[in-house]
There are 2 protein chains.
Amino acid sequence: MKYFLLPLILGGICWGQGGDECKPSSLNIPGAPYPCVHADRRVTFRVAAPDAQKVQVRLGGAHDMTKGADGLWMVTIPPQVVGFHYYTIVVDGASMADPATRTFFGSGWDNSGIEIPEPDADAAYYAPKDVPHGQVSQRWYYSKVTGKWRRCYVYTPSEYEANSRTRYPVLYLLHGWGENEQGWHTQGHMDFIMDNLIAAKKAKPMIVVMDNLNAVKPGEDASLYAARGTIARMTAPAPAPPGGGRGGFPSNWGTAFTEMMLTDLVPMVERTYRALPGRENRAMAGLSMGGMQSFMTVLGNMDKFAYLGGFSGSSGGRGGFDPKTSNNGVFADAEAFNKKIKVLFLGIGSVEGPGTKTFSEALISAGIHNVYFESPGTAHEWLTWRRCLNDFAPRLFN
Amino acid sequence: MKYFLLPLILGGICWGQGGDECKPSSLNIPGAPYPCVHADRRVTFRVAAPDAQKVQVRLGGAHDMTKGADGLWMVTIPPQVVGFHYYTIVVDGASMADPATRTFFGSGWDNSGIEIPEPDADAAYYAPKDVPHGQVSQRWYYSKVTGKWRRCYVYTPSEYEANSRTRYPVLYLLHGWGENEQGWHTQGHMDFIMDNLIAAKKAKPMIVVMDNLNAVKPGEDASLYAARGTIARMTAPAPAPPGGGRGGFPSNWGTAFTEMMLTDLVPMVERTYRALPGRENRAMAGLSMGGMQSFMTVLGNMDKFAYLGGFSGSSGGRGGFDPKTSNNGVFADAEAFNKKIKVLFLGIGSVEGPGTKTFSEALISAGIHNVYFESPGTAHEWLTWRRCLNDFAPRLFN
């Protein structure tokens, strides 16, 4: 197997580090020595801000940097959890992305990112290997429901072009709040995860469609989906949010996306790609807010989907669960539900709290089959969701 | 025709502006009101930097911002040229991307970008319209020459999937210094340009392959391709450049890319896609450093390519042109050259200087047919190159 490091590819360049134990993050711009990750997972940051009075790194908490004689500010922060983390540099009160890293769309803007590497064996499932590679394609389509053109990304397995008569099942896969349709293949490495699973015959070859969960009908208020906090903090006071802030969901939340998906997206996919039709060939999953959207869409349209996944997000957390009445009573007849939904998957990071486990157990008590997956040691971050996808995808379309 | 604004798509959101004449740039993050562009093409920027002493916008020159009572810094700068411009915010000496815009990889890092809109009629050729859309796909492949995995993007025309037995000619299209394989479809809107040309039957349906021009063999010094200036200014002193700085090209510059392209990329493309074989079905073009690379690759391998384009970059500017000896004498026999190279295209922005026109005229004096294209009023920027592609693509494969 040929493994390779992302920095070698993204710019084709890697600075030699010699005997220095601190290795540049794989997400750095080509040639940038900082931020770097120590063997014990401490991280050293360096930023040029010659005239600044105070410079901080915000990763988890705020870490004050110290100015050296050369005008460069540095700090080494305590060991970090493995995986991908967004982080921000604050220069005299201005929050900005670190210019030394590639940027990643999260919290509604292009933020800096750092990857704390796992041991090779643990990371192998999302590492690019010498196996056949599928492709991720940008696809534009017009939505009658929103009255706008939209962009999605579509993963097709490596064999898709050679097998020009074969049709494939489809997984619809959503990002989280403040992210977009690029998240799964950029932060999530979903392409390598699927390539590796399919090459090892652990998952069926499938099409994966990654859309943007933000959808409003003409005239509806789009501001729920804008990153008001980001905008207020960084560039200007933002308009007052409807319904009381980020956590305040208007009563019609998610309905436009579901309608758009069923009216525009699914038909476009099944018209454009060699997709297998019918509910048993459609799965839907998402992370965080995308998990909530997936539960809403699938549980409201069980005639159209047979597989459902929530990664750090489902239908829990919005009032107590009552199997008789929650989600319009879809769980009331457990036998009927279990026949229809072939896999109900609930994934979570172990440090995210017990809500998902409690929900899974309540479902089991109500006779609803489900898979509970816990990612050890990770929080509400992309490594949790990479692991969720790696566990979920093999369960589909069997 | 349905036209649409990019901000409506990229995040699905557009803030209502009411009677304000200053319209948010189409490249802003969803919901961000600044930067905004006035009707006369002045631009107003706003950044939150409550504790800073000095904040500037660098776009062309440096523009001092003024702090308001609310801690927000603002400036309105004079009318700008239409098209895409990179720009930077400097907070107390720290150069960073404006958090209010999406970022774009240029000068070796993810910088801010602003689009100064052209009148609709002028911009129509790169606007998304209600025509069949091709797709841009991310493709990984292993290079034996560099010993690394590489990523390219491949545009396939809308009809590609339906016409499952048709083969297509291929244009290889390169970015410029400090950019990468994402530039043409992100900054350049090449997908909309090609969609519109093909729909109007102005250009033949073709495959377009966009690779990264940075390539070194194992053990070679990659530092030419790193953005040393960026790294030094923003994050840390960079190693001394080989050969005397950005302008100093080592004697073997470009040879690894050409070898990689002929050994790895072209065979991968012709094995993976339904590409027509042979020199008359292969074109190569690039912008700036990518134009230099295209001239080097094609003029050194005229048995493999029949079309060549340089957009603000070719083989000029590196010593005087002598038709008898330049480029290893390929221009010495004009008749033979004209038979082989069906289109030799030289494009330039009108404010970039006379070098390209002089080169074109010298070629004509030497009997070498070529097309000289000048983009009125634009500099060494993406609008020049969008216009070049729009003029160049219809000339191919006829």
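So, how was this worked out
- Residues numbered from 1 in each chain as written.
- Chains lettered and ligands numbered in written order.
- Predicted model: local features only at pLDDT ≥ 70, side-chain atom pairs only at ≥ 80, totals over all residues.
- Heavy atoms only, no water.
- Helix = DSSP H or I, 4+ residues; strand = E, 2+ residues; numbered from the N terminus.
- Pairing = 2+ DSSP bridges.
- Axes fitted to C-alpha atoms, helices over the stretch in contact; angles between N-to-C directions.
- Parallel < 35°, antiparallel > 145°, perpendicular 65-115°, else oblique.
- Left-handed = near helix turned anticlockwise from the far one by under 90°.
- Contact = heavy atoms within 4.5 Å.
- Nonpolar A, V, L, I, M, F, W, Y, C, P; charged D, E, K, R; others polar.
- Disulfide = S-S within 2.5 Å.
- Buried < 20%, exposed > 50% of the residue type's maximum accessible area, 1.4 Å probe, protein only.
- pLDDT = per-residue confidence, 0-100.
- Salt bridge = Lys/Arg side-chain N within 4 Å of Asp/Glu carboxyl O.
- Arc of directions from axis to C-beta.
- Expected span 1.5 Å × (residues − 1).
- Bend = angle between axes of the 7 residues up to and from the residue.
- Phe/Tyr/Trp six-rings, centres within 6.5 Å; stacked < 30°, edge-to-face > 60°.

1. Thoughts on unusual backbone geometry
Residues and elements named next belong to chain A.
Thinking step 1. Cis rather than trans, the peptide bond between tyrosine 34 and proline 35 has omega equal to -5 degrees.
Thinking step 2. You can see proline 35 is positioned in the loop between β1 (23–24) and β2 (36–37).
Thinking step 3. Phi angles above zero are rare outside glycine, and serine 288 is one such case at about 50 degrees.
Thinking step 4. Summarising the element assignment, serine 288 is placed in the loop between β16 (282–287) and α7 (289–299).

2. With respect to the pairing of strand β5 (residues 61–64) of chain A
All names here are of chain A.
Thinking step 1. Strand direction decides the pairing type here: strand β4 (residues 55–59) and β5, joined by four bridges, are antiparallel. Within β5, the position partnered with valine 57 by the bridge is histidine 63.
Thinking step 2. Between β4 and the antiparallel strand that follows it, β5, lie one residue; glycine 60 among them carries a positive phi value of about 75 degrees.

3. Overview of the packing of helix α4 (residues 190–199) of chain B against helix α11 (residues 382–392) of chain B
All names here are of chain B.
Thinking step 1. Close contact between α4 and α11 brings their axes to 10 Å; oriented N to C, the two are set at 30 degrees. Here α4 lies roughly parallel to α11, going by the angle between them. As for how α4 packs across α11, the hand of that crossing is right-handed. Across the interface between the two elements, Met190, Ile193 and Leu197 of α4 pack against Arg386, Leu389 and Asn390 of α11.
Thinking step 2. Considered class by class, the residues forming the contact of α4 with α11 number four nonpolar, one polar and one charged.

4. Some details on the sheet that holds strand β2 (residues 36–37) of chain B
Residues and elements named next belong to chain B.
Thinking step 1. Pairing is antiparallel in the open sheet, where five strands are placed in the order β1-β2-β3-β7-β6. Both edges of this open sheet fall to β1 (23–24) and β6 (66–67), since each of them pairs with a single strand only.
Thinking step 2. In the sheet, β1 pairs with β2 via two bridges, with the strands oriented antiparallel. Across the sheet, residue lysine 23 finds its bridge partner in β2, namely valine 37.

5. Description of the state of the cysteines
Residues and elements named next belong to chain A.
Thinking step 1. For the structure shown, the criterion picks out two disulfides over all chains.
Thinking step 2. With its sulfur 1.9 Å from that of its partner, cysteine 22 forms a disulfide with cysteine 36. Of note, the bridge from cysteine 22 to cysteine 36 carries an S-S torsion of about 95 degrees and is right-handed in sense. Here cysteine 36 lies in strand β2 and cysteine 22 lies in the loop between α1 (6–10) and β1, a separation of 14 residues in the sequence. We note that cysteine 22, like cysteine 36, is buried.

6. Notes on the environment of lysine 340 of chain B
Residue and element names in this part refer to chain B.
Thinking step 1. Checked against the element boundaries, lysine 340 lands in helix α9 (residues 334–340).
Thinking step 2. Residue lysine 340 is classed as partly exposed on the basis of its relative accessible area of 34%.
Thinking step 3. Sequence separation of lysine 340 and glutamate 280 is 60 residues, and the distance between their C-alpha atoms is 9.0 Å.

7. A few points about the confidence of the model for chain A
Residue and element names in this part refer to chain A.
Thinking step 1. The pLDDT averaged across chain A works out to 89; a share of 87% of its residues lies at or above 70.
Thinking step 2. In this model residues 1–19 is a low-confidence stretch, pLDDT under 50, and it forms 50 contacts with partners more than four residues away in sequence or in other chains.
Thinking step 3. Long-range and interchain partners of residues 237–247, a stretch whose pLDDT sits below 50, account for 18 contacts in this model, where long-range means more than four residues apart.
Thinking step 4. Scored by ipTM, the complex comes to 0.88, with pTM at 0.90.

8. Focus: the pattern of salt bridges
Thinking step 1. Summed over the entire model, instances satisfying the criterion amount to 28 salt bridges over all chains.
Thinking step 2. Between lysine 217 of chain B and glutamate 259 of chain B there is a salt bridge; the shortest N-O distance is 2.6 Å. In this pair, lysine 217 of chain B sits in the loop between β15 (207–210) and α5 (228–234) while glutamate 259 of chain B sits in helix α6 (residues 255–272), placing the two residues 42 residues apart along the sequence.
Thinking step 3. Under the relative-accessibility criterion, lysine 217 of chain B is labelled partly exposed at 28%.
Thinking step 4. Members of the salt-bridge network, linked through shared partners, are Glu21, Asp40 and Arg42 of chain A.

9. Description of the sheet that holds β1 of chain A
All names here are of chain A.
Thinking step 1. Strand order in the open sheet formed by five strands is β1-β2-β3-β7-β6, and the pairing between neighbours is antiparallel. Pairing within the sheet leaves two strands with one partner each, and these edge strands are β1 and β6 (66–67).
Thinking step 2. Sheet topology note: the β2/strand β3 (residues 43–48) ladder contains two bridges and is antiparallel. Paired with cysteine 36 across the two strands is threonine 44, which belongs to β3.

10. Thoughts on helix α10 (residues 355–365) of chain B
All names here are of chain B.
Thinking step 1. Within the sequence span of α10, burial applies to Thr356, Phe359, Ser360 and Leu363. Each buried residue of α10 sits inside an arc of 100 degrees when the element is viewed along its axis, so together they form one side.
Thinking step 2. Lining the buried residues of α10 we find α7 (289–299), β18 (343–349) and β19 (371–375).

11. Focus: α6 of chain B
Thinking step 1. With 18 residues, α6 of chain B ought to run about 26 Å at 1.5 Å a step, and its terminal C-alpha atoms sit 25 Å apart, in line with that.
Thinking step 2. Of all the bends found along α6 of chain B, the most pronounced is centred on methionine 261 of chain B and spans about 45 degrees.

12. Let's talk about the pairing of strand β11 (residues 109–116) of chain A
Residue and element names in this part refer to chain A.
Thinking step 1. Of all eight residues that make up β11, eight are buried, and the element is covered over most of its length.
Thinking step 2. Alignment of strand β8 (residues 83–91) against β11, held across five bridges, turns out to be antiparallel. Its bridge partner being in β11, glycine 83 is matched across the sheet by isoleucine 116.
Thinking step 3. The pairing of strand β10 (residues 103–106) with β11 spans four bridges and is antiparallel. From the neighbouring strand, phenylalanine 104 faces β11, where its bridge partner is asparagine 111.
Thinking step 4. Linking two consecutive strands that pair antiparallel, namely β10 and β11, is a turn of two residues; a positive phi of about 55 degrees is found at serine 107 within it.

13. A look at the packing of α6 of chain B against α7 of chain B
Residues and elements named next belong to chain B.
Thinking step 1. With their axes 10 Å apart at the nearest point, α6 and α7 run at an angle of 60 degrees to one another. Taken together, the axes of α6 and α7 lie oblique to each other. Every pair of crossing elements has a handedness; the one defined by α6 and α7 is right-handed. Together, Thr255, Phe257, Thr258 and Met261 of α6 and Gln293, Met296 and Thr297 of α7 make up the contact between the two elements.
Thinking step 2. The residue inventory of the contact of α6 with α7, partitioned by class, reads three nonpolar, four polar and no charged.

14. Quick word on the packing of aromatic side chains
Residue and element names in this part refer to chain A.
Thinking step 1. Enumeration according to the criterion identifies 38 aromatic pairs over all chains in this entry.
Thinking step 2. Ring centres of phenylalanine 321 and phenylalanine 331 lie 5.6 Å apart, and the angle between their planes is 70 degrees; on these two criteria the pair is classed as edge-to-face. Of this pair, phenylalanine 321 sits in the loop between β17 (307–311) and α8 (326–329) while phenylalanine 331 sits in the loop between α8 and α9 (334–340); the two residues are ten residues apart in sequence, bridging distant segments of the chain.
Thinking step 3. Owing to a relative accessible area of 25%, phenylalanine 321 belongs among the partly exposed residues under this scheme.

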